[in-house]
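Below are the chains, spelled out letter by letter.
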Amino acid sequence: MEGVPQHTAPRTVEEVFSDYRGRRAGLIKALTTEVEKFYQQCDPEKENLCLYGLPNETWEVNLPVEEVPPELPEPALGINFARDGMQEKDWLSLVAVHSDSWLLAVAFYFGARFGFGKSERKRLFQMINELPTIFEVVTGVKQQRDMSGNHNNNNKSKSSGKMSRLPETQTKGVTVSPPPKEEDDSGDEEAEDDEQGAICGACGDNYAHDEFWICCDVCEKWFHGKCVKITPAKAEHIKQYKCPGCSNKRARV
């Protein structure tokens, strides 16, 4: 494929996982923080286009490779044709699902090519399974399910919300890690469960107590401050925070 740098094929479980994680990071960028650029490149007037994630954590929208069979499994073809025929969030969710499928196909292609045994395949899948799927990152489904499960297991009406959401009198977008502790012990456990289930809407990594996070007031997704280039000092002056994805949204014709 033209324009795509050539990479040495990974041969160990760790190398295949590193390749997977790099491609995943690039795809997440395309569907979150760089979604406006991705949207524009998926012109329905063009030929069949594919979204490729690259091992160096970048992405590319391009035509499928011409060689048959291809060197690697190919991602979903013609993603641009559905762009204007459905709601943007539904279209992005659809691309995310196909991207997840493609990533698994590429990872296990390498496993088959280099003769991974049962234990190696199992270890590879376990490593992959520790990360949220692209679909979960783009839609926030994992975060919502984790929170719903936590609330259902607790009969208290008081809830910590998303990652110990701040009181309504405070700016929702401004939070400092670790979040404030509740007086009640069970409240502490619930808040901790919610925090551990939250994922960054940009990189897809899980919540960590020693990192600064900020919440978008529009889509209510949480982000590492470093991922959206917001520092605690800058956050103090933000009355309503909009993530890059929400800031770039505009009316579609």
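This write-up is about the structure you can find in this document. None of the values given here were measured: they were computed from a predicted structure. (Residues numbered from 1 in each chain as written. Predicted model: local features only at pLDDT ≥ 70, side-chain atom pairs only at ≥ 80, totals over all residues. Heavy atoms only, no water.)

### So, unusual backbone geometry
Cis geometry is adopted by the peptide bond preceding Pro-69, which originates at Val-68 and carries an omega value of -10°. Inspection of the secondary structure puts Pro-69 in the loop between strand S2 (59-62) and helix H3 (88-113). Backbone geometry places Glu-57, a non-glycine residue, at a positive phi of 70°. Within the fold, Glu-57 resides in the loop between strand S1 (50-53) and S2. Taking relative accessible area as the criterion, Glu-57 reaches 39% and is therefore assigned partly exposed. Of note in the backbone geometry, Glu-220 takes a positive phi value of approximately 65° without being a glycine. Relative to the helices and strands, Glu-220 is located in the loop between strand S3 (213-215) and strand S4 (222-224). (Helix = DSSP H or I, 4+ residues; strand = E, 2+ residues; numbered from the N terminus. Buried < 20%, exposed > 50% of the residue type's maximum accessible area, 1.4 Å probe, protein only.)

### Quick look at the packing of helix H1 (residues 13-31) against H3
The N-to-C vectors of H1 and H3 enclose an angle of 165°; their axes lie 10 Å apart at closest approach. Comparing their axes, H3 and H1 come out roughly antiparallel. With respect to the hand of their crossing, H1 and H3 are arranged in right-handed fashion. Contacts from Val-16, Asp-19, Tyr-20, Arg-23, Arg-24, Leu-27 and Leu-31 in H1 reach Leu-92, Val-95, Ala-96, Ser-99, Trp-102, Leu-103, Leu-104, Val-106, Ala-107 and Phe-110 in H3. Of the residues belonging to the contact of H1 with H3, the class tally is 13 nonpolar, one polar and three charged. (Axes fitted to C-alpha atoms, helices over the stretch in contact; angles between N-to-C directions. Parallel < 35°, antiparallel > 145°, perpendicular 65-115°, else oblique. Left-handed = near helix turned anticlockwise from the far one by under 90°. Contact = heavy atoms within 4.5 Å. Nonpolar A, V, L, I, M, F, W, Y, C, P; charged D, E, K, R; others polar.)

### Topic: the packing of H1 against helix H4 (residues 118-129)
Relative to each other, H1 and H4 sit at 30°, their axes nearing to 10 Å. When the axis of H1 is compared with that of H4, the two are roughly parallel. You can see that H1 and H4 cross each other, and the crossing is right-handed. The residues of H4 that touch H1, namely those facing Val-13, Glu-14, Val-16, Phe-17 and Tyr-20, are Glu-120, Arg-123, Leu-124, Met-127 and Ile-128. Residues of the contact of H1 with H4, tallied by class, amount to seven nonpolar, no polar and three charged.

### Side note on the state of the cysteines
As enumerated under the stated definition, the model contains zero disulfides in all. The thiol of Cys-50 is unpaired, and the distance to the nearest cysteine sulfur, on Cys-42, comes to 10.0 Å. The class of Cys-50 is buried, set by a relative accessible area of 1%. Not part of a disulfide, Cys-227 finds its nearest cysteine sulfur in Cys-203, a span of 3.9 Å. The class for Cys-227 is partly exposed, based on a relative accessible area of 26%. (Disulfide = S-S within 2.5 Å.)

### Thoughts on H3
Spanning 26 residues, H3 covers 37 Å between terminal C-alpha atoms, matching the ideal 38 Å at 1.5 Å per step. Positive backbone phi, approximately 70°, marks Gly-115, located one or two places after H3. (Expected span 1.5 Å × (residues − 1).)

### Thoughts on empty space enclosed by the protein
Inspection of every chain in the model, using the stated rule, returns one cavity of 30 Å³ or more. Its volume calculated, the largest cavity comes out at about 60 Å³. Taken together, Leu-51, Pro-75, Ala-76, Ile-79, Val-95, His-98 and Ser-99 form the lining of the largest cavity. Broken down by element, the lining of the largest cavity gets its largest block of residues, three residues, from H3. Partitioned by chemical class, the residues of the lining of the largest cavity number five nonpolar, two polar and no charged. (1 Å grid on protein atoms, 1.4 Å probe; cavity = no way out; pocket = protein on both sides within 12 Å on 5 of 7 lines; lining within 4 Å. Points joined across faces, edges and corners; volume = space filled by probe spheres on them.)

### Brief notes about the pairing of S2
Burial of S2 is two-sided: the residues Trp-59 and Val-61 facing one way and the residues Glu-60 and Asn-62 facing the other way are all buried. Bridge count for S1 against S2 is four bridges, and the pairing is antiparallel. By the bridge assignment for S2, Cys-50 is matched with Asn-62. With antiparallel pairing between neighbouring strands as the criterion, S1 and S2 make up a hairpin whose turn holds five residues, including Glu-57 at a positive phi of roughly 70°. (Pairing = 2+ DSSP bridges.)

### Details of the nonpolar core
Leu-31, Phe-38, Leu-51, Leu-124 and Ile-134 are the most contacted members of the largest nonpolar core, which has 38 residues in total. At the level of secondary structure, the elements contributing two or more residues to this core comprise H1, helix H2 (35-41), S1, S2, H3, H4 and helix H5 (134-139). With nine residues, H3 is the single largest residue contributor to this core. Excluding residues that lie within four positions of it along the chain, Leu-31 makes contacts with Phe-38, Leu-51, Leu-92, Val-95, Ala-96, Ile-134 and Val-138. (Core = buried A, V, L, I, M, F, W, Y, C linked by side-chain atoms within 4.5 Å.)

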